[in-house]
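The primary structure of each chain is shown beneath.
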Amino acid sequence: MKKYLSYSILSVFILTTILSTRCTKVLDQPNLSAYDSAAIWSDSNLVNSYLANLYNVFGNWNVSLDRLDDQVSGIGFPTDAITVTDAGPLANWGYTTIRLINEGITQVKAGNTSDDFKKRSLGQLYFLRAYEYFPMVTTYGGVPYLKVAQDRYKDNLNVPRNSTKECFEFMIQDIDSAIALLPQHILPSSTTDWGRVDGNFALAFKAKVLLYMASPQFNPSKPWDNAYWQEAYTVNKAAYESLKNQGYALVSDYAQIALQEKNSEIVFSVTNQYPNKTANWDNGARPGSLSRGTAAVTPTWEMVKNFPMLDGKASDDPSGKYYKPASVFMQSFWENRDPRFGKSVVWNGKLFQVAGMPSVYRQYTGVGIADPLDAFGVNPNAGVTSANNNKYSGFFILKNCDLNLTQAQVQGNYTVDFVVMRFAEVMLNYAEAANETGHSDEALEILKAIRQRAGIEPGSDGKYGITASTRLAYRQAIMDERNVEFCFEGMRFKDLRRWRRFDLLNNVPKHGLEAIAKKADGSEMPIEQAQALSSDYSLEPDDFTYTELQIPISGVRINTVPDKYYFAPLQSSVIAAGDKLEQNKDWGGTFDPTIH
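Residues numbered from 1 in each chain as written. Predicted model: local features only at pLDDT ≥ 70, side-chain atom pairs only at ≥ 80, totals over all residues. Heavy atoms only, no water.

S.K.: Before we go on, may I ask you to explain the overall build of the chain in this structure?
M.R.: Counting its regular elements, the chain contains 18 helices and eight strands. Relative to a compact globule of 596 residues, whose C-alpha radius of gyration would be 25 Å, the chain shows 25 Å and is just as compact. For the chain, the spread of C-alpha atoms along the principal axes amounts to about 85 × 55 × 50 Å. Scored against the burial criterion, the 596 residues of the chain give a buried share of 56%. Carbon and sulfur atoms provide 50% of the accessible area of the chain, an area that totals close to 23400 Å². In the chain, 58 side chains carry a positive charge and 65 a negative one; their mean positions are 4 Å apart. (Helix = DSSP H or I, 4+ residues; strand = E, 2+ residues; numbered from the N terminus. Rg over C-alpha atoms; globule rule 2.2 N^0.38 Å. Buried < 20%, exposed > 50% of the residue type's maximum accessible area, 1.4 Å probe, protein only. Areas by Shrake-Rupley, 256 points an atom, 1.4 Å probe, with all protein chains shown as cover. Lys, Arg positive; Asp, Glu negative; His and termini not counted. Charge placed at Lys NZ, Arg CZ, Asp CG, Glu CD.)

Encoded structure:
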C-alpha cells in the first residue's frame, strides 16, 4: 500500500476516464480527445492506482467507532434514530464501490497485463467485493448481490434482493476465488506488497463471515444450535492453525498491538504514511489540553468495571483474590486490575508521560482542578462549571495513542498503521465456534493464551481466573473477553448485534466518575489547596473521592435500541426507484433478513 499511495491523486482522474468513457489526460498523454481508456488496464501501475482507491473500504482509525455501544460516552440512538427515510448511524449502502469493483473485474480480465499480475489483481477485487457486501448484509440482511457493473447513468438498483443465505454463499465464493489467486502470505519485510490483501487475511475473513452466518442475528429460531456452526468451526480452526503455523502470534506487550507496526499479530493493516495518509486517533482520544480540541469520546464507568481484576475474576466476584465491595472498589478501582486496563484507559491522577510534558505529569479530570478542556463533574465548590459534561466521563482512552507526539503534533501526524484484523481476533473467533460445537476445551486454551499475554495471574489451577464449566458459561466468558481485548477497536456494537444482545444497550444508562480532592480525614479539600497541589502533580488517584454521575448530564441521556434494529430498513428513496426491492419485515415490508 505504500507504493499505492503515490498514485492516490492520479486515481481520481483514472476513475473518471474509465467509468464515464470520456477522454481524459493521464500522465503525459498529449491528445485529450484521442486518449484510449483501455490503455489504463494494460498499465500495471495505473491498475494498482485503481485498486488503491478501492482499499478505502478498510477505513482508518476512528476513536468514535464504539459510540453506538456501551464502551464509550455518547448517545448514538435517541428515540427513533432509525427510520425508513433515515438509517442514521446504521446507513451502509455501498453500491458505488460495488460498481467500481465489478468494473475492475471486467476490465482487468480484458486488459493486457501479465497473467501473474491479473491473478493478483483479480484476487484482490474478488476479496474486496465480498468485504464490501459483508457490512451491507450484516446491516440489512440479503441485498442484490451484483457481479456485473451497472451503468452509473442508465441503471437503477431495481433488481430483486438475493436471500440472506444466498448472499453469504456468494461472499464465500468470492473469498474462495480470492484465496485461489492471492499469494498466501505477504511478509512484513516486503517493501512493495505489504498492505495488500493476501490469502491469510482472506482465509481469516472467510472464517469471520461464517461465524456471522451461524450467529443468532441471522438464526433467531436456532441461535446456538443451527447447522452453520459446524462449518464455522471447521474454517475458523483451519484459519487459526494455518496462521499459527506460519508464525502469527500474540505480541508480548498488549500496549504494542498497533504501535509496533508489522508485528506478528497483524493479519492485515492499512498503511499510513506522512504526509500522504495520516489519521486522527490521538486527536480525539487524548484529553483536550494535550490535543487540538476536546476528546471525541471517553470510556464509560461501565467499561472500566468490565476489565477483570489481576487474578482474572470479575470486579464484583466475591470469590476473587482482589474483591472489594462496590463502594470500596469505586474509590480504588485502578488497583490490582487486568494490566490491559492500565494500557487502555487514563484515569484521574494517573501518571501520563506525553511528549512535551514533565516526566511527573499526572492527568486530572475533576472540575476546578483539571484544565477546563479536561474537566468533568458538577462539584458546586469548584468555582467553575465544566463544559464537557455531555461528552466526558472522567476517563480518557490511552489504547493505541502515540505518546511520542507533542500537543502541537497531534493533528495530522498520527501515522500508525490501522489494524483491520489481528491474530487475537482469529483466536477468539475460533474459540467461539469451538465452544458452540462441543469443543469447549479448545476454547479454554484460547482464552488462557489471551489472558496470559494480558498479564493476568495464572492462579493455582492455571486457568487465569476462568471458572466456566458449561457451554453457556464459556459463551459468556468469550463475550466478556472480546469486550476487554478489543476495547475501543469498534467491534463491540457489531458483536452485540450478531449475538442479539441489544438488551445490554436498550434503555441502559451510561455513567462516569467525578473526582473531588479530599483531605486526610476524608473531607473535601478546599479548591484552592487542591489547585495548588495539582499544579506540581502532587495529587495521586487516592487523594480523591469518586462519585458516579450519569452521562450525558443533560439532553438525551439514554439509548433506545429496540430489537428491530438488528436489521436496518432499506431507505424509502432506494425502494422508490423501482418496484423489485422489498422492505424488511420489521419495517413494513415482507422480506425476511434472517436465514432461519
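Still more ground to cover, so stick around.
S.K.: Would you explain the pairing of strand E7 (residues 510-517) in this entry?
M.R.: For a regular strand, the rule is simple: side chains alternate between the two faces of the sheet. Most of E7 is tucked away, with eight of its eight residues classed as buried. Bridging between E7 and strand E8 (residues 544-551) involves eight bridges; their strand directions are antiparallel. By the bridge assignment for E8, Ala515 is matched with Tyr546. (Pairing = 2+ DSSP bridges.)

S.K.: It is not clear to me how the environment of Met213 should be interpreted in this structure. Could you clarify?
M.R.: Looking at the secondary structure, you find Met213 in helix H7 (residues 199-214). Assessed through its relative accessible area of 7%, Met213 is described here as buried. C-alpha of Met213 to C-alpha of Asn226: the two residues are 13 residues apart in sequence and 10.0 Å apart in space. Leave out the neighbours within four places in its chain, and Met213 touches Lys165, Phe168, Phe218, Asn219, Tyr228 and Ile595. (Contact = heavy atoms within 4.5 Å.)

S.K.: Help me out: how do you make sense of the pattern of salt bridges in this one?
M.R.: For side chains bearing opposite charge, pairing can occur when the charged atoms are close. The full count for this structure, using the stated rule, is 32 salt bridges. Of the charged contacts, one joins Arg471 and Glu436 as a salt bridge, the two residues approaching to 2.9 Å between their closest N and O atoms. Here Glu436 lies in the loop between helix H13 (423-435) and helix H14 (440-454) and Arg471 lies in helix H15 (residues 471-485), a separation of 35 residues in the sequence. We classify Glu436 as buried; its relative accessible area is 7%. A salt bridge links Arg482 to Asp495; the nearest nitrogen and oxygen atoms lie 2.9 Å apart. Of this pair, Arg482 sits in helix H15 while Asp495 is found in helix H16 (residues 492-498), placing the two residues 13 residues apart along the sequence. Using a relative accessible area of 3% as the deciding quantity, one classes Arg482 as buried. Taken together, the salt bridges that share partners define one network made up of Glu265, Asp338, Arg340, Lys399, Arg422, Arg451, Arg453, Glu481, Glu485 and Glu489. (Salt bridge = Lys/Arg side-chain N within 4 Å of Asp/Glu carboxyl O.)

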